[in-house]
Amino acid sequence: MKPISLTRYLIEEQHAGRINADLRLLIEVVARACKTISIAIGKGALGGVLGDAGSPGAASMNIQGEAQKKLDVLSNDILLEANAWGGHLAGLASEEMDHSQPIPDAFQRGNYLLLFDPLDGSSNIDVNISVGTIFSVLRCPDDVTAPGDEHFLQPGNTQVCAGYTTYGPSTMLVLTVGHGTHVFTLDREIGSFMMTRRDVQVPAETKEFAVNMSNQRFWEAPMQRYVDDLLQGKQGPRGKDFNMRWVASMVADVHRIITRGGIFSYPLDSKCRDKGGKLRLMYEANPMAFIIEQAGGAASTGRQRMLDVQPTGLHQRVPVFLGSRDEVEQAVRYHREHDAES
Ligand code: P6P
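Residue numbers restart at each chain and count upward from 1, following the sequence in its written direction. Note on the predicted model: pLDDT of at least 70 is required for a residue's local features to be given, and 80 or more for side-chain atom pairs to be given and counted; whole-chain, interface and lining totals, by contrast, use all residues. Hydrogens and water molecules were not included; the side-chain quantities draw on all heavy atoms of the structure.

A. Highlighting the environment of Y112. The topology assignment puts Y112 in strand β5 (residues 112–120). Separated by 210 residues in sequence, Y112 and L322 have C-alpha atoms that sit 26 Å apart. Counting from the N terminus, the helices are DSSP H or I runs at least four residues long and the strands are E runs at least two residues long.

Structure representation (structure tokens):
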């Protein structure tokens, strides 16, 4: 059967009463911007967009204190430009911007808030490894016309849509509007995202974990014990051998888990403890958690369901465990038992 387009899927969702026209059109705007980003990335060195933003010796830094790549800035600009005049948003927030921005008075405003990491994993750009765009959609509070940062601080369980686009051998958009998680592949010949997997289900069990092992000596005790037991394999308490993968691009690692299961973790460690973790809650952990849960998986901080975390800051960081439900529950058990003994 011929795959249906993203446009047809969204119209079907609207006709079923699961989304409204405004949200449908917002998702189309974001998908169109991701196609533009995909084209820019695909040009690589030929497009003059590799390397660091800013001038030699004076790299451009974002609010995270991270050196920005030219493609970070370009991807952010593409998403900002596409969404400013679309008429579906009241405001937007980005990893690359210190504060959120209300839609300018010159443009019509809508009822949604868009948050995004325009190019996650961009340190991999210059070595040609998959990167991605992550986005999350919240409702703007009814009585607010010019939203500030505080209006974005809603728990992940209030998201109405979440998605990511992975720019790899093919460009794929993975999307949920709260009724399953679906995968679309960009058909470059016609310029449309076509549905290639409907209602993904992440296997509950797995033999594959994703973590940056070089941080092992910095982890909390429960994380040390959890991974030690994984590494003992069949001879250890888990009774099975595990494989490890770490792309250092969250979108790529999560997409592998969406495709074949696994657990992804960026736990607390003594280096990032003061910041609360490494990965950002609002535009990395929460959208990925919504996507994974809608695919039958689980997402946790190690001590709390990710989607129940009450945000306190736009760029707040959290520890992340997400993926195959049974394996995430194992990791949480190690933390719960450690805390009970403390
Ligand atoms: P590390 C990329 O910079 C990122 O934000 C995520 O995409 C990725 O999972 C993580 O950081 C990689 O971190 O410490 O392994 O480089």
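After that view of the structure, there is still more to cover.
B. Region of interest: the site of the ligand. When we say a residue is near a molecule or strand, we mean one of its heavy atoms is within 4 Å of it. The full set close to the ligand counts 13 residues, and D120, N212, W246, M250 and Y266 are the nearest of them. Residues adjacent in sequence count toward polar contacts only when both atoms are side-chain atoms; beyond that, a polar contact is any pair of N or O atoms within 3.5 Å, and within protein one must be able to donate a hydrogen and the other to accept it. Here an oxygen atom of the ligand sits 3.0 Å away from a polar atom, N or O, in the side chain of W246. Contacts to the ligand include M250, whose backbone N or O atom sits 2.7 Å from an oxygen atom. Residue exposure ignores everything except the shown protein chains as possible cover, and the areas themselves are Shrake-Rupley values with a 1.4 Å probe. Protein burial of the ligand: of its 390 Å² of free accessible surface, 82% is covered by the chains.

C. Looking closely at the sheet that holds strand β8 (residues 171–176). Should DSSP find at least two bridges between two strands, the strands are regarded as paired. Pairing is mixed in the open sheet, where eight strands are placed in the order β4-β3-β5-β6-β7-β8-β9-β10. Bordering the open sheet on either side are β4 (101–102) and β10 (192–197), each of which pairs with just one other strand. Across five bridges, the pairing between β8 and strand β9 (residues 181–187) is antiparallel. Note on β9: the bridge partner recorded for M172 is T185.

D. Up close: the packing of helix α6 (residues 250–260) against helix α7 (residues 281–294). Look at α6 against α7: their axes get within 11 Å of each other, and the N-to-C directions meet at 10°. What the angle tells us is that α6 and α7 run roughly parallel. Contacts between α6 and α7 involve M250, V251, V254, I257 and I258 on the former and, on the latter, E284, M288, I291 and I292. When the residues that make up the contact of α6 with α7 are grouped by side-chain class, the tally is eight nonpolar, no polar and one charged. Interaxial angle, 0 to 180 degrees, is taken between N-to-C directions of lines fitted to C-alpha atoms, where a helix line uses only the stretch in contact. Reported orientations rely on four angle classes, namely roughly parallel under 35 degrees, roughly antiparallel over 145, roughly perpendicular from 65 to 115, and oblique for the rest. The contact definition used throughout considers only heavy atoms, calling two residues in contact when any of these lie within 4.5 Å. Ten residues, namely Ala, Val, Leu, Ile, Met, Phe, Trp, Tyr, Cys and Pro, are considered nonpolar, four, namely Asp, Glu, Lys and Arg, are considered charged, and the remaining ones, Gly among them, are considered polar.

E. How the structure looks around α7. Burial status follows relative accessibility: with a 1.4 Å probe on protein chains alone, a residue under 20% of its type maximum counts as buried, one over 50% as exposed, and anything between as partly exposed. Most of α7 is tucked away: twelve of the 14 residues are buried. Just beyond α7, the residue with positive phi is G296, at close to 85°.

F. Molecular detail of the nonpolar core. What we call a nonpolar core is a set of buried Ala, Val, Leu, Ile, Met, Phe, Trp, Tyr and Cys residues that are connected through their side-chain atoms within 4.5 Å. If you look at the biggest cluster of nonpolar residues, it comprises 44 residues, and the most contacted ones within it are L6, Y9, L23, F135, V137, C161 and L175. Of the residues forming this core, the biggest block, eleven residues, is contributed by helix α2 (residues 21–43). If sequence neighbours within four positions are ignored, Y9 has contacts with I4, L175, V177, H179, H182, F184, M195 and R198. In terms of nonpolar packing, the next biggest core, distinct from the first, is built from 43 residues, M250, Y266, A285 and V320 among them.

G. Up close: the layout of surface pockets. Space inside and on the surface of the protein is sampled on a 1 Å grid over the protein atoms alone, with a cavity defined as a set of points where a 1.4 Å probe fits but cannot get out and a pocket as an open set with protein on both sides within 12 Å along at least 5 of 7 lines; lining residues have an atom within 4 Å of a point. Grid points are joined across faces, edges and corners, and a volume is the space filled by probe spheres set on the points. Quantified by volume, the largest pocket comes out at close to 420 Å³. Forming the boundary of the largest pocket are 25 residues, of which G121, S123, A248, K278 and R280 lie nearest the centre. Here the lining of the largest pocket gets three residues from one element, more than from any other, and that element is β5. Taken together, the residues of the lining of the largest pocket break down into eight nonpolar, six polar and eleven charged. Note that the domain bounds reflect an automated or database-derived domain assignment. Looking at the lining of the largest pocket, you find at least three residues from each of domain 1 (6–197) and domain 2 (208–341). Roughly 310 Å³ of internal volume is contained in the second largest pocket. Top element by residues in the lining of the second largest pocket is α2. It accounts for five residues. Split into classes, the residues belonging to the lining of the second largest pocket amount to nine nonpolar, eight polar and two charged.

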